[in-house]
Amino acid sequence: LYLYPMSCFSYFGCCMPPIESIGSTCCHSNELAFTKFTKIPPKDILYANLVADLERLHYYVIADRIKRQVVVAIRGTMSFQDMATDARQKYVELWENSGHMLPEGFLMASKRILREFRENSTITRFLNEHKDYGVVFTGHSLGGSASIVCTLLLKHDQTWSRSVRAYAVGPAPCITHQLGKKDAWKEIIFSAVFRDDVVPRMCLQSLFRLRSQALAAFRRCSHPAEHVFQDFKDLQSMEEISIYQTADFPHVERRHYDEKSVPPLLIPGKIFHILGSPLGKRAIRCLPCLRSPLRHSSCTPQMRYSTVAYSACSSTFSEIRVTANMLLDHFPHRYLNALNGIKFPEEFCDDWDDAFERGRCYL
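Quantities reported herein were computed from a predicted structural model and do not represent experimental measurements.

Student: Would you explain helix α4 (residues 121–129) in this entry?
Tutor: Residue pairs three or four apart in sequence face the same way in an α-helix, which turns once every 3.6 residues. Those residues of α4 not exposed but buried are Thr 122, Ile 123, Phe 126 and Leu 127. Relative to the axis of α4, the buried residues are bounded by an arc of 125° and lie together on one face. Sitting at the head of α4, Asn 120 places a side-chain oxygen 3.0 Å from the backbone nitrogen of Thr 122.

Structural data, given as structure tokens:
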């Protein structure tokens, strides 16, 4: 889902079998590149949405004939429209009178995916012909959060009788703790978090808490920088708040949030925390480099990891860990390499300190 734009200038799919899709190019290079990377035959791709818009995510619907599942693979944040969807952090109810809150951008994007999924004639016809097939939602980052919300919505729908599961990679927290800590979701929602990845720890409350911790650290300094306090001072009045807001969008409703006014968000279901250290680098050539007549690679070498996964509780990721790898650990290729090198211990543990000590024994 992330890599196919790299091959748009190397592959042309004019002669490939037709795939039902929205937003495709005339040469179907996106679909062909996707099949080249994933090794999925075109006949198993039921539908593809390639349109990037506000609250509209890229995703593919694929028939897994071996495991007898219909897989909905959702791409994470890659465009400005995706970033706008991430930024829609107004809290709304998951369903009417549920009392469970989540960001509006996640909910609207997930509802749109489900609406297109259930109204598409090709997908409906395939599911009617294969009564024993279940549905699996999967994705990375924003796509992981959307896959979790889609699973929650389908599971709550009384008209849905098929099995449904979610496998999220590096998802953002997407539900309040009342629903997020239910043990029932551990059987159908599975998430993976790699080391110090910042996204699974990032919500409005954790950002406010990080800001408070940073200010407290500066106050304890023997020679605090005055300009830092000037830039990050606590806002006490609406006049001060207006300095940080723009008047270019008068139709946008302005709100002032603080740490006490927003509830904490969690990742529901079973979470696997992947710990590990790099073993070294190896050169992995992308498709444009492999097709080059010079046969040399200009790609950045990929890092190989020795990793071990532990079962973690959702409270483990309630605070942002400020480390050198907090952003790099979120990249898809790091997750891919970490998952490929994973090994599970015989016993899982929920405590972070215990997991870290056990993890060091494997590395």
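The structure having been displayed, the exposition proceeds.
Student: How do you make sense of unusual backbone geometry when you look at a structure like this?
Tutor: Backbone phi values are negative for most residues with the exception of glycine, while trans is the configuration of most peptide bonds. Residues other than glycine seldom take positive phi values, yet Glu 55 does so here, at roughly 60°. With respect to the secondary-structure elements, Glu 55 resides in the loop between β2 (45–49) and β3 (59–64). The class of Glu 55 is buried, set by a relative accessible area of 12%. Although it is not a glycine, Ser 141 sits at a positive phi angle of roughly 60°. Inspection of the secondary structure puts Ser 141 in the loop between β7 (134–140) and α5 (142–156). What makes Ser 141 buried here is its relative accessible area of 8%.

Student: Before we go on, may I ask you to explain the nonpolar core in this structure?
Tutor: For soluble globular proteins, nonpolar side chains are generally found buried alongside one another. Ranked by internal contacts, the top residues of the largest apolar core, which has 61 residues, are Val 61, Val 72, Leu 94, Phe 117 and Phe 137. Examining the composition of this core, we find that eight residues originate from one element, α5, more than from any other. Look past the residues within four positions of Phe 137 in its chain and what remains in contact with it is Val 72, Ile 74, Leu 114, Ser 147, Cys 150, Thr 151, Leu 154, Val 164, Arg 165, Ala 166 and Tyr 167. Counting eight residues, the second-largest nonpolar core is a separate cluster that includes Ile 19, Phe 34, Ile 40 and Ile 62.

Student: What am I meant to see in the packing of helix α3 (residues 104–119) against α5 here?
Tutor: Helices that pack against each other are described as a pair by the angle of their axes relative to one another and the distance between those axes. It is at 9 Å that the axes of α3 and α5 come closest, and there the two elements cross at 65°. With respect to the hand of their crossing, α3 and α5 are arranged in right-handed fashion. Together, Phe 106, Leu 107, Ser 110, Lys 111, Ile 113, Leu 114 and Arg 118 of α3 and Leu 142, Ser 145, Ala 146, Val 149, Cys 150, Leu 153 and Leu 154 of α5 make up the contact between the two elements. When grouped by side-chain class, the residues that make up the contact of α3 with α5 number 10 nonpolar, two polar and two charged.

Student: Sorry, what's going on with the pairing of β7 here?
Tutor: Put simply, side chains in a regular strand alternate between the two faces of the sheet. Along β7, six of the seven residues are buried, which leaves the element largely enclosed by surrounding structure. Across six bridges, strand β4 (residues 69–74) lies against β7 in parallel orientation. In the sheet register, Ala 73 faces β7, and the bridge partner there is Thr 138. At this point the chain moves from β7, through α5, to the parallel strand β8 (residues 164–169), and the crossover so formed is right-handed.

Criteria and cut-off values
Residues numbered from 1 in each chain as written. Predicted model: local features only at pLDDT ≥ 70, side-chain atom pairs only at ≥ 80, totals over all residues. Heavy atoms only, no water. Buried < 20%, exposed > 50% of the residue type's maximum accessible area, 1.4 Å probe, protein only. Helix = DSSP H or I, 4+ residues; strand = E, 2+ residues; numbered from the N terminus. Arc of directions from axis to C-beta. Polar contact = N/O pair within 3.5 Å; in protein donor to acceptor, adjacent residues only side chain to side chain. Core = buried A, V, L, I, M, F, W, Y, C linked by side-chain atoms within 4.5 Å. Contact = heavy atoms within 4.5 Å. Axes fitted to C-alpha atoms, helices over the stretch in contact; angles between N-to-C directions. Left-handed = near helix turned anticlockwise from the far one by under 90°. Nonpolar A, V, L, I, M, F, W, Y, C, P; charged D, E, K, R; others polar. Pairing = 2+ DSSP bridges. Right-handed = clockwise from strand over helix to strand, strands pointing away.

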